[in-house]
Amino acid sequence: MLNVMRKQAGSWMIKVILFAIVIVFVFWGVGSFRSQEANKVAVVNDEIISVAEYRRTYNNLLDQYRQRFGSSLNDGMIEMLNVKKQALDQLIDRAILLQEAEKLDFQVSDVEVAESIRNTPIFQNNGAFDNRRYQSILAQVRLTPEEFEAEQRNVLIGEKLTRIVLGAAKVS
């Protein structure tokens, strides 16, 4: 086949075929659409939940269950607890909550985020914030301080919205 193409390289038929192949690659792309589809787990009101977010949430849930159940946690228990669905549900709930907070223009200041992080017990040593411990723990969970602070901001916005909604609810 290649020998025939080499011999006929100057013919108009080969040029048309090569041109058609080039056009297909230009307009269809080389997996760009499929790679975007493969990188998302769900879409919530046009917001994509990525595979990376899902894996991080899933692994965090597994870690929580490992701490709770220890060595008795096995594949059967993981399936019974439906950890995959729990992780996805958490991400969907979070996306909806943050979207609603954005609609209502809820914001959290940098001071509130910093105060929240400083008051997190795991980052404290003898009751005081320890920056080295903070950096070390974030490195263990493979997060940069910027990523963690953005996540903490989202948590605080969610808590603020939840407090307002629960505060407005009256139980009879």
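Residues numbered from 1 in each chain as written. Predicted model: local features only at pLDDT ≥ 70, side-chain atom pairs only at ≥ 80, totals over all residues. Heavy atoms only, no water.

(A) How the structure looks around the overall build of the protein chain. Counting secondary structure elements, the protein chain contains nine helices and four strands. Reading the helices (α) and strands (β) of the protein chain from amino to carboxyl end gives α-α-α-β-β-α-α-α-α-β-β-α-α. Burial statistics for the protein chain: of 172 residues in total, 22% are counted as buried. Pairs at least 24 residues apart make up 54% of the contacts formed inside the protein chain by residues separated by at least 6 positions. (Helix = DSSP H or I, 4+ residues; strand = E, 2+ residues; numbered from the N terminus. Buried < 20%, exposed > 50% of the residue type's maximum accessible area, 1.4 Å probe, protein only. Contact = heavy atoms within 4.5 Å.)

(B) Structural detail: the packing of helix α6 (residues 83-103) against helix α9 (residues 145-168). At a minimum axis distance of 9 Å, the contact between α6 and α9 shows a crossing angle of 75°. Our classification of the angle between α6 and α9 gives roughly perpendicular. Here α6 contributes R94, L97, L98, E100 and A101 to the contact with α9, which in turn contributes E151, N154, I157, G158, L161 and T162. In the contact of α6 with α9, the residues fall into five nonpolar, three polar and three charged. (Axes fitted to C-alpha atoms, helices over the stretch in contact; angles between N-to-C directions. Parallel < 35°, antiparallel > 145°, perpendicular 65-115°, else oblique. Nonpolar A, V, L, I, M, F, W, Y, C, P; charged D, E, K, R; others polar.)

(C) Highlighting the pattern of salt bridges. Counted by the stated rule, this structure contains eight salt bridges. Note that E151 and R94 form a salt bridge whose closest N and O atoms lie 3.3 Å from each other. One end of the pair, E151, is in helix α9; the other, R94, is in helix α6, with 57 residues separating them in the sequence. For E151, a relative accessible area of 32% gives the class partly exposed. (Salt bridge = Lys/Arg side-chain N within 4 Å of Asp/Glu carboxyl O.)

(D) The pairing of strand β2 (residues 47-50), seen in detail. Relative to β2, strand β1 (residues 40-44) runs antiparallel, the two sharing four bridges. The partner of A42 across the bridge, within β2, is I49. Counting the residues between successive antiparallel strands, the hairpin from β1 to β2 contains two residues, one of them, N45, with a positive phi of roughly 50°. (Pairing = 2+ DSSP bridges.)

(E) Up close: the confidence of the model for the protein chain. For the protein chain, mean pLDDT is 84; residues scoring 70 or higher make up 78% of the total. Within the protein chain, helix α3 (residues 32-38) has the poorest average pLDDT of any element, 54, and helix α7 (residues 110-118) the best, 94. (pLDDT = per-residue confidence, 0-100.)

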